[in-house]
Amino acid sequence: MTTDPRLDEARSLVTGAGRIVALTGAGISTDSGIPDFRGPQGLWTRDPGAEKMSNLQAYRGSREVRERTWQARLVHPGWDAAPNAAHYALERLSPTHIVTQNIDRLHQKAGSPPERVLELHGTMFESVCLSCDDHRDMRSTLERVRAGETDPPCLVCGGILKSATVSFGQHLDQSLLRAARAAVSESDLLLVAGSSLSVQPAASLVSVASRAGADVVICNGSETPYDAMATVVIRGPLSETLPALTTPRI
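What you see is a predicted model; the values in this text were computed from it and never measured.

## What to know about the pattern of salt bridges
- For the structure on display, the rule yields eleven salt bridges.
- In this structure, Arg 105 engages Glu 119 in a salt bridge whose closest nitrogen and oxygen atoms are separated by 3.1 Å. Here the residue Arg 105 occupies a position in the loop between strand 2 (97–100) and helix 6 (106–109), and Glu 119 occupies one in strand 3 (residues 117–119), the gap between them amounting to 14 residues.
- One salt bridge connects Asp 134 with Arg 136, and the closest N-O pair in it is separated by 2.6 Å.
- Residue Arg 136 is classed as partly exposed on the basis of its relative accessible area, which comes to 34%.
- One salt-bridge network, held together by shared partners, links Arg 63, Arg 66, Glu 67 and Asp 151.

What follows is the structure, encoded as structure tokens:
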């Protein structure tokens with residue numbers, strides 16, 4: 001991989017950039033044991049019915065979907081996952097911001113400052129009430145599930161609880177989205193790592209970077225709809241690609 005001219009070009013861009021923003025997706029966490037969604041071994045590829053658990057309308061409307069989702073939360077691999085080489089490579093790179101579509105907080109576990117990590121799609125580590133917006137530590141809510149509550153209601157108002165993650169049909173936190181767009185528009189380089197760039201509005205950050213005159217480097221295991229907009233596209237496992245990209249060639 002170190003002889004790949006595309007990698008050398010990308011490394012040169014990274015070295016010469018003054019302000020770098022990283023946009024990360026599920027592909028950066030697969031080597032930590034967290035499956036992506038749409039890849040060959042992705043969660044929804046192997047079990048298309050599981051996508052309903054990420055659909056807000058289906059979740060609101062079906063107790064059965066909620067009960068299945070709570071059981072899935074109990075065994076989510078994110079509880080025991082550790083950062084991999086890709087997360088540590090980004091920590092060493094120290095971008096001005098990491099805009100992540102992931103909910104696993106592995107960037108923070110790898111040492112990236114929490115204030116620099118913008119969690120566009122929320123976090124699995126909190127639960128939230130869909131009625132009164134009460135937030136709780138997810139571990140305390142899961143203890144209720146282990147104790148026998150198959151669909152635990154909000155302790156404040158009795159409403160429906162879910163993880164504090166953004167589901168399909170649910171709006172992103174607009175202040176976070178504005179912060180992400182501002183960071184990207186002020187960057188010299190946008191480094192996309194492990195995102196299929198198929199979910200909006202996160203994917204549109206590539207267009208924001210391009211319009212602002214920033215270089216775009218896309219590192220992903222498969223093609224994305226924005227590859228033609230990139231300065232450099234690199235294929236390969238992120239736990240190999242990012243360390244090579246962020247380490248000066250000897």
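## Structural notes on the sheet that holds strand 4 (residues 122–129)
- If you trace the three strands from one edge of the open sheet to the other, you get 5-4-6, paired in antiparallel fashion. Each end of this open sheet is capped by a strand with a single partner; those strands are strand 5 (135–137) and strand 6 (161–165). Direction aside, the axes of adjacent strands within the sheet are offset by 45° on average.
- Where strand 4 meets strand 6, four bridges bridge the pair, whose relative direction is antiparallel. In the strand pairing of strand 6, Val 128 is matched with Lys 162.

## Observations regarding the nonpolar core
- The biggest cluster of nonpolar side chains holds 25 residues, and the ones touching the most others in it are Val 99, Leu 120, Leu 190, Val 192, Leu 197, Val 216 and Ile 218.
- Those elements giving two or more residues to this core turn out to be strand 1 (20–24), helix 8 (174–185), strand 7 (189–193), helix 9 (205–211) and strand 8 (215–219).
- In this structure, Leu 197 is in contact with Leu 23, Val 192, Ala 203, Val 206, Ile 218, Thr 224, Pro 225 and Tyr 226, ignoring residues within four places of it in sequence.
- Membership of the second largest hydrophobic core comes to 24 residues, among which are Ile 28, Ile 98, Leu 189 and Leu 245.

## Quick look at the pairing of strand 1
- In terms of burial, strand 1 is a largely internal element, five of the five residues being buried.
- Along strand 1, one buried face is formed by Ile 20, Ala 22 and Thr 24 and the opposite face, lined by Val 21 and Leu 23, is buried too.
- Relative to strand 7, strand 1 runs parallel, the two sharing five bridges. From the neighbouring strand, Ala 22 faces strand 7, where its bridge partner is Leu 191.

## Topic: unusual backbone geometry
- Cis geometry marks the peptide bond from Gln 200 to Pro 201; its omega dihedral reads 5°.
- When you line up the elements, Pro 201 lands in the loop between strand 7 and helix 9.
- Of note, the phi angle at Ser 94 is positive, near 55°, even though the residue is not glycine.
- For Ser 94, a relative accessible area of 43% gives the class partly exposed.
- For Asp 133, which is not glycine, the phi torsion reads 70° and is therefore positive.
- You can see Asp 133 is positioned in the loop between strand 4 and strand 5.

So, how was this worked out
- Residues numbered from 1 in each chain as written.
- Predicted model: local features only at pLDDT ≥ 70, side-chain atom pairs only at ≥ 80, totals over all residues.
- Heavy atoms only, no water.
- Salt bridge = Lys/Arg side-chain N within 4 Å of Asp/Glu carboxyl O.
- Helix = DSSP H or I, 4+ residues; strand = E, 2+ residues; numbered from the N terminus.
- Buried < 20%, exposed > 50% of the residue type's maximum accessible area, 1.4 Å probe, protein only.
- Pairing = 2+ DSSP bridges.
- Axes fitted to C-alpha atoms, helices over the stretch in contact; angles between N-to-C directions.
- Core = buried A, V, L, I, M, F, W, Y, C linked by side-chain atoms within 4.5 Å.
- Contact = heavy atoms within 4.5 Å.

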